[in-house]
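Reading the structure
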Amino acid sequence: MGRLQSELSKKNFTSFSQYYDYVVNDETGRAANELIDRISTNHTYFMREKEHFRFFEEQVLPYFAEHKKENSLRLWSAGCSTGEEPYTLAMILSDFESKKKVWNETKILATDISEKVLTKAELGMYTSQSVSVLPSIWRLNYMSKCEEDKFKINDSIKNKILFTKFNLMDEFPFKRRFHTIFCRNVMIYFESKTRIALVNKFYNALETGGYLFIGQSESIIRNDSAFKYIMPSVYRKV
């Protein structure tokens, strides 16, 4: 209610019923997008829950490199927000591939329901303070200083990522399965039934041996899915 109150005031509505009518009757879809941007929680930052990135670098990538069955590696950052997570994954991938070329193609799908954060993610521009937690070699190799207090992600990293709008409640349209899915600090906002359904959709969207990373404040109940528990907030399809 607090997040939407300003929308009511701005449009001179006196009730949420009036606002609801406005949203559902707007055939352009802009009102629905505004609603989503207002109520979505998009808090993130570089190296959030950095233990996940270390595990991805030290365990996940070497495993798929050793047990390679095809020439592509497919990752999904589900709920990518302003892009820090997929860009971090892309930089880890670039470091890994600089030592040994394993796959002909490495692609990261980065999705969010909010067009506002996707626009910022695609731009790939961040303040000096926000990128200060990253290794200095990454700032040197994968970023360019474009303003006094801004760094921009280089095209070599951007080209690994496809940003697109997607609602996790929709049916998954993907023709090929992913090797790893990151969906962190998203399901915490869902009710139990919705979480269980989404976790099982993730399971079906993963290759055998694939990993699912969720937020460290989230968990999957053993009887709710076929995922194998690996460590807190890391699960695997076996």
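A few points on the structure. (Residues numbered from 1 in each chain as written. Predicted model: local features only at pLDDT ≥ 70, side-chain atom pairs only at ≥ 80, totals over all residues. Heavy atoms only, no water.)

**Let's talk about helix α10 (residues 192–205)**
The terminal C-alpha atoms of α10 lie 20 Å apart, and with 14 residues this matches the ideal 20 Å at 1.5 Å per residue to within 8%. Listing the buried residues of α10 in full gives Thr194, Leu198, Val199, Lys201, Phe202, Tyr203 and Ala205. (Helix = DSSP H or I, 4+ residues; strand = E, 2+ residues; numbered from the N terminus. Expected span 1.5 Å × (residues − 1). Buried < 20%, exposed > 50% of the residue type's maximum accessible area, 1.4 Å probe, protein only.)

**Description of the environment of Glu58**
Summarising the element assignment, Glu58 is placed in helix α4 (residues 50–66). Residue classification places Glu58 among the partly exposed positions, given a relative accessible area of 49%. It is 9.8 Å that separates the C-alpha atoms of Glu58 and Phe96, two residues lying 38 residues apart in sequence.

**Some points on the packing of helix α2 (residues 16–25) against helix α3 (residues 30–39)**
Relative to each other, α2 and α3 sit at 125 degrees, their axes nearing to 7 Å. As far as their axial angle goes, α3 and α2 are oblique. When α2 is examined against α3, the residues Tyr19, Tyr22 and Val23 are found in contact with a partner set consisting of Ala31, Ala32, Glu34 and Leu35. (Axes fitted to C-alpha atoms, helices over the stretch in contact; angles between N-to-C directions. Parallel < 35°, antiparallel > 145°, perpendicular 65-115°, else oblique. Contact = heavy atoms within 4.5 Å.)

**Structural notes on the pairing of strand β4 (residues 143–147)**
As paired elements, β4 and strand β5 (residues 150–153) share four bridges and run antiparallel to each other. Residue pairing in the sheet places Ser144 in a bridge with Lys152 of β5. Remark: two residues form the turn of the hairpin made by β4 and β5, two consecutive strands paired antiparallel. (Pairing = 2+ DSSP bridges.)

**Here we look at the sheet that holds β4**
Strand order in the open sheet formed by three strands is β3-β5-β4, with antiparallel pairing between adjacent strands. With one partner strand each, in any of the chains shown, β3 (125–127) and β4 form the two edges of the open sheet. Strand after strand, the sheet turns through a mean of 35 degrees between neighbouring axes, direction not considered.

**Some thoughts on the pairing of strand β9 (residues 228–231)**
Direction of pairing for β9 relative to strand β10 (residues 234–236): antiparallel, over a ladder of three bridges. Bridge pairing in β10 places Met231 opposite Val234. Connecting the antiparallel pair β9 and β10 is a turn made up of two residues, with Ser233 showing a positive phi of about 75 degrees.

**Overview of the packing of aromatic side chains**
Evaluation of the coordinates by the stated rule reveals 27 aromatic pairs. Three or more aromatic residues joined by ring pairs make a cluster, and in this case those are Phe53, Phe55, Phe56, Tyr63, Phe64, Phe182, Tyr211 and Phe213. The cationic tip of Arg236 hangs over the ring face of Tyr63; the distance from NZ or CZ to the ring centre is 4.3 Å. Looking at Lys237, its charged tip hangs above the ring of Tyr203, at a distance of 4.9 Å from the centre. (Phe/Tyr/Trp six-rings, centres within 6.5 Å; stacked < 30°, edge-to-face > 60°. Lys NZ or Arg CZ within 6 Å of the ring centre and 35° of its normal.)

**Notes on helix α1 (residues 2–10)**
Where α1 is concerned, the buried positions are Leu4, Glu7 and Leu8. Angular distribution of buried residues about the axis of α1 spans 100 degrees; they occupy a single face of the element. Among the exposed residues of α1, those oriented more than 90 degrees off its buried face are Gly2, Ser9 and Lys10. Of the residues one or two after α1, Asn12 is the one with positive phi, at around 60 degrees. (Arc of directions from axis to C-beta.)

**Some words on the environment of Glu85**
Mapping Glu85 onto the fold places it in helix α5 (residues 84–99). Owing to a relative accessible area of 9%, Glu85 belongs among the buried residues under this scheme. Note: C-alpha distance between Glu85 and Tyr45 (40 residues apart in sequence) is 7.8 Å. Sequence-distant contacts of Glu85, that is, excluding residues within four places in its chain, are made with Phe53, Ser77, Ala78, Phe182 and Arg184.

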